[in-house]
Each structure stands twice: as C-alpha cells, then as structure tokens.
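Chain residues, written in single-letter form:
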Amino acid sequence: MGISNKDEFGMVGLGLRREMLDELLIQVPKQIDFMEVAPENWLKLGGRFAKQFKSLTDTNNFVCHGLSLSIGSPEPLDIAFIKSLKVFFEIHNIKRFSEHLSYCSGTGHMYDLMPIPFTEEAIKHVVPRIKQVQDILEQQIAIENVSYYAAPGQQMSELAFTTEILQQADCKLLLDVNNIYVNSINHGYDGDHFLANLPSERIAYGHVAGHYNEADDLIIDTHGADVIDPVWQLLDNAYKYHGVFPTLLERDFNIPAIPDLVKELDIIHCLQAKNAIPQSKESA
C-alpha cells in the first residue's frame, strides 16, 4: 500500500526529552520531520527551558502525547487542565494531541497508567468523555492502544474494545506497535492478527519503542532500549496492512546520543520507502 494518511507534521518523528535539548538546539537532523512531547512536562516551565522549547516549536513540527487526561477515570474530567492544553497547543502550534486509553486518577492521582476493563459499561463511560475533550479542544484527538499487565473484569477482547471506542467516539488511533508486541507476549494473543484488524482510516500516527524482558512471558514497556527485530517486523506489517503512516520513535531512559537515535529513525524511513507505492511512469 502507499502513503495513505500523511499528516501535516511529516512522516518520521522523535520523542523529545529534556536530555536531548542541547544537541537538537544546535541542529535537528534531517531525518526528524516532527517531535513529540508530553505537555504536562512543559506547560509550567519558565526561564531557559521555556525559551529553548519555544525556539524549537517555532521552527519544527510538534505533536503532544498526554499523560494525565485519565480518560477512563471514574472522576470527572479536569476541565481547567484541558483548557490549559488548548492554550498551550495554540502557543506552540501543536499539530496533533494523543492520549492513552487508560486512567491514572481516582480520588487521587497515580503515576501509573492503569488498564480500563474491557466491558460495554466502560465503553459507555469512556466515549462521552473523549467527545467532551474533543469538543473543548475543537479537534479530534488520537487514543493510544496501551500496554497492560492485568485485564480485570474482561468481557470482550482488547481489539473489540478498542475499535468500538474509536468508532463511537469518532476519534483517531495512535497505533503503538511495541505495545501490541508487549501485550501479545504477556497475554498470549496473535499480535499480527490484532494489528491487521485495526481500522486503517482511524490511524493518525504511530509509536515504536524498545522494552525490557523481565521473563520469557513478561515484557515491561520501558522505552529504555533499542527497538528489537520482531517489533520492526510488526511495523513493516502495519505499513503493509494500513498504508504508510507517520511514525515516531520513543526513548525515555538510557537515552543515547542523537546520532545513535537517528540510526533507528533511518530504519523507519527505510520501511516507509519499502512500503510506498512507486510513482507511475508514462509508457514510452
């Protein structure tokens, strides 16, 4: 398949972490079409970091990937926080906002992304919350398929649960290929089948990352290592099934120098080129 849903922010991205600032302020490699940040990490920053960040957003494409929207929480949405996101997106010309299909708050705030039960009741709870966020932000958001380590009260498959929410909420999908691989090992399902049956038209962009092998049947989604070959293969398959979509490399820990990260960005570029439809040529 060819490039089916190229967005206005480009095709290959890198998650920006504060440790990368000094290198990227000198030069952003040509392999980076866009960068992604968690808005919570930058919203209230002032001084040098705020100026450095603004200089990057003024000259590069950015998307935001939230950490604390808590879309599945039993507590009401934090409307003031969502409105502050809208202002932040306008100041920095953020091209797309995504969040996790999970929750991180109840009567208090947790620092983990907890799984939402795969039930019809949970769908009825989550869908209007996504719609409310989209109404406030005045844009579609993308919801990420998350890694999870337990499935409490499961009444339907992760695939059915995810696709039903995308359809009913009329939102986009942030397709995290590593999360599919992690879940397929931890929960013993066919990751390729899951991937193939996602709705192509909902994919806004994708994530790829590394992880940590705790045991043969337990993988922890750390974003702290290089991407492994089976995950690259899943990304290759994702392009075959859904067309080439913007894809971002996440690295949160054990962050190497930018030239080392660029080697992985080059792999994304190569896989995208491999799966793009060649330009047609006029017959002689």
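What counts and what doesn't
Residues numbered from 1 in each chain as written. Predicted model: local features only at pLDDT ≥ 70, side-chain atom pairs only at ≥ 80, totals over all residues. Heavy atoms only, no water. Helix = DSSP H or I, 4+ residues; strand = E, 2+ residues; numbered from the N terminus. Buried < 20%, exposed > 50% of the residue type's maximum accessible area, 1.4 Å probe, protein only. Contact = heavy atoms within 4.5 Å. Areas by Shrake-Rupley, 256 points an atom, 1.4 Å probe, with all protein chains shown as cover. pLDDT = per-residue confidence, 0-100. Axes fitted to C-alpha atoms, helices over the stretch in contact; angles between N-to-C directions. Parallel < 35°, antiparallel > 145°, perpendicular 65-115°, else oblique. Left-handed = near helix turned anticlockwise from the far one by under 90°. Nonpolar A, V, L, I, M, F, W, Y, C, P; charged D, E, K, R; others polar.

Summing up its helical and strand segments, the chain has 9 helices and 12 strands in all. A burial count over the chain gives 52% of its 284 residues as buried. A fraction of 80% describes how many contacts in the chain between residues 6 or more apart in sequence connect residues 24 or more apart. Accessible surface for the chain amounts to roughly 13,200 Å². Of this, 52% is attributable to carbon and sulfur atoms.

Attention now goes to unusual backbone geometry. Of note, S70 is a non-glycine position whose phi angle comes to about 55°, a positive value. Here S70 is to be found in the loop between β3 (61–65) and α3 (79–92). The phi dihedral of D170 is positive, around 50°, even though this residue is not glycine. Take D170: it is sitting in the loop between α5 (158–169) and β8 (172–176).

What follows covers the confidence of the model for the chain. Put simply, the chain has an average pLDDT of 88, and 85% of its residues get 70 or more. Long-range and interchain partners of residues 105–111, a stretch whose pLDDT sits below 50, account for 11 contacts in this model, where long-range means more than four residues apart. Every residue in residues 280–284 is under pLDDT 50, and counting partners more than four places away or in other chains gives 0 contacts.

Looking now at the packing of helix α6 (residues 177–187) against helix α8 (residues 229–242). Where α6 meets α8, the axes come as close as 9 Å, and the angle between the chain directions of the two elements is 120°. In terms of their interaxial angle, α6 and α8 are classed as oblique. Judged by the twist between their axes, the crossing of α6 over α8 is right-handed. Judged by residue contacts, V177, N178, I180 and Y181 of α6 engage P230, V231, L234 and L235 from α8. Residue classes in the contact of α6 with α8 are distributed as 7 nonpolar, 1 polar and no charged.

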